[in-house]
Amino acid sequence: MARKAAKSSAGNARPRRIRWAERWRGWRRHHSQSAADSLAKVLQQPISSCMTWLVIGIAIALPSGLWVVLDNVAQLGEQLDRPAQLSVFLQMDAQLDDARSLALTLAQRDDIKSATFVDRDQALAEFVERSGMGELAQSLPENPLPHLLLIDPVVASPEALGVLRAELESLPAVQEALLDTLWLQRLQSLMTLGRRAVQLLAALLLAAVVLVLGNTIRLAIESRRDEIVIVKLVGGTDAFVRRPLLYTGLWFGLGGGVVAAILVTLGTLILASPVNALAAAYQSSFVLQGLGLVNSLQLVLLGASLGLIGAWLAVTRHLKAIEPR
């Protein structure tokens, strides 16, 4: 009778289903434990961890700092930007009445807002006043400056300004026409080149960060080889083993991002005082801008993302090679 009862109870036994809520609590508990344990292991080796954070922080801070410099240069260029203006220098033998008549004629064109005539004697007087070289000007046998026309065009595109400049230079009374915003176009070209160079440097350094983090996680996997083998022997899945290693990469990347934000901020604070003093000497309102809170948080998130990517690549490659025999 006892055997029959035992068989009957064994036959009626069914595996207990684990509810979704219990799975969720277990998954969340293991995540919190993995995060805490991996952080504790990182902090247990402060010297090696600090060196890893410094390497990652410097690699992230270098392109970030260069990008901050380019942004400040672009901001300075915007402050110095002004409407395009053409300086038309007339021939040295141009008569005063002919120069004024030409200014009136050009001012009536549809593609020109205004044409201001500057007498050569007036130009020399302004030059002497601004440069303080009055004695030198008095020693000259004659005025070396030609009559000048300041042209304010309606159009602002570089192509249209180039066409207008060529038309003005083709006039018989005109010696040369200069576009005053040519320096700004060159600055913008240099800015574009600089941004491309910084993007290339950033790609190389971020790839180096991923490789450094991957190597760090590989060493962590090797140091936990016996632990991983035991976990797999008792039925632990790859995801269960992978989780604390991913958190290790996250902590390394997060710390590196914090170090990068601190380095860029310190560099900005060190340079802010002399740069602002130089701007004040030139009577400019330019103020050196740093990362700011949002960009600093973006650097921290970038470091954390790189940490996860490097850890994922290392774990995916090396974890499959560790199997219990």
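Quick look at the structure, then.

Thresholds applied
- Residues numbered from 1 in each chain as written.
- Predicted model: local features only at pLDDT ≥ 70, side-chain atom pairs only at ≥ 80, totals over all residues.
- Heavy atoms only, no water.
- Helix = DSSP H or I, 4+ residues; strand = E, 2+ residues; numbered from the N terminus.
- Contact = heavy atoms within 4.5 Å.
- Areas by Shrake-Rupley, 256 points an atom, 1.4 Å probe, with all protein chains shown as cover.
- Pairing = 2+ DSSP bridges.
- Axes fitted to C-alpha atoms, helices over the stretch in contact; angles between N-to-C directions.
- Salt bridge = Lys/Arg side-chain N within 4 Å of Asp/Glu carboxyl O.
- Buried < 20%, exposed > 50% of the residue type's maximum accessible area, 1.4 Å probe, protein only.
- 1 Å grid on protein atoms, 1.4 Å probe; cavity = no way out; pocket = protein on both sides within 12 Å on 5 of 7 lines; lining within 4 Å.
- Points joined across faces, edges and corners; volume = space filled by probe spheres on them.
- Nonpolar A, V, L, I, M, F, W, Y, C, P; charged D, E, K, R; others polar.

1. Observations regarding the overall build of the protein
Working step 1: If you tally the helices and strands in the protein, you get eleven helices and four strands.
Working step 2: Put simply, 83% of the contacts in the protein that link residues at least 6 apart link residues at least 24 apart.
Working step 3: Accessible surface, the protein as shown: approximately 20,900 Å² in total, 62% of it carbon and sulfur.

2. With respect to the sheet that holds strand β1 (residues 86–90)
Working step 1: Here we have four strands laid out as an open sheet, ordered β2-β3-β1-β4, and antiparallel in their pairing. Sheet topology places β2 (112–118) and β4 (174–179) at the edges, where each strand pairs with a single neighbour. For this sheet, the mean angle separating the axes of adjacent strands, direction not counted, is 20 degrees.
Working step 2: Here β2 runs beside strand β3 (residues 148–153); their pairing, made up of six bridges, is antiparallel. Across the sheet, T116 pairs through a bridge with L150, a residue of β3.
Working step 3: Helix-sheet contacts for helix α4 (residues 96–107) involve β1, β2, β3 and β4, and the interaxial angle to β2 is about 165 degrees.

3. Structural notes on the pattern of salt bridges
Working step 1: Within the structure shown, the criterion is met by four salt bridges.
Working step 2: E167 is the partner of R109 in a salt bridge, and the nearest nitrogen-oxygen pair spans 2.7 Å. Placement of the pair is R109 in the loop between α4 and β2 and E167 in helix α7 (residues 158–169), with a sequence separation of 58 residues.
Working step 3: A relative accessible area of 28% places R109 in the partly exposed class.
Working step 4: Using a relative accessible area of 36% as the deciding quantity, one classes E167 as partly exposed.
Working step 5: The residue R165 makes a salt bridge to E169 at a minimum N-O spacing of 3.7 Å. With R165 and E169 both in helix α7 and four residues apart, this pair spans about one turn of that helix.
Working step 6: Residue class for R165 comes out partly exposed when judged on its relative accessible area of 31%.
Working step 7: The network of salt bridges with shared partners includes R109, D111 and E167.

4. Quick look at the environment of N276
Working step 1: One can find N276 in helix α10 (residues 238–281).
Working step 2: With ten residues separating them in the primary sequence, N276 and F286 have C-alpha atoms 7.0 Å apart.
Working step 3: When neighbours within four sequence positions are excluded, N276 is seen to be in contact with F286, V287 and L288.

5. Some points on the environment of L250
Working step 1: With respect to the helices, strands and loops of the structure, L250 is situated in helix α10.
Working step 2: Sequence separation between L250 and A304 is 54 residues; the distance between their C-alpha atoms is 5.2 Å.
Working step 3: Beyond its immediate stretch of four places on either side in the chain, L250 contacts A304, G307 and L308.

6. Comments concerning the layout of surface pockets
Working step 1: Looking at the largest pocket, its volume works out to about 400 Å³.
Working step 2: Lining the largest pocket are 19 residues, with P63, S64, W67, L291 and L299 positioned closest to its centre.
Working step 3: At the level of secondary structure, the elements contributing two or more residues to the lining of the largest pocket comprise α3 (46–80), α8 (182–223) and α11 (292–318).
Working step 4: If one sorts the elements of the lining of the largest pocket by residue count, α3 sits on top with eight residues.
Working step 5: Broken down by class, the residue content of the lining of the largest pocket amounts to ten nonpolar, eight polar and one charged.
Working step 6: Each pocket or cavity is described by its volume, and for the second largest pocket that value is around 340 Å³.
Working step 7: Residue lining of the second largest pocket: 15 residues in total, with K41, Q45, A220, S223 and F252 positioned closest to the centre.
Working step 8: Of all the secondary-structure elements, those providing two or more residues to the lining of the second largest pocket are α2 (20–43), α3, α8 and α10.
Working step 9: Here the residues of the lining of the second largest pocket sort into four nonpolar, nine polar and two charged.

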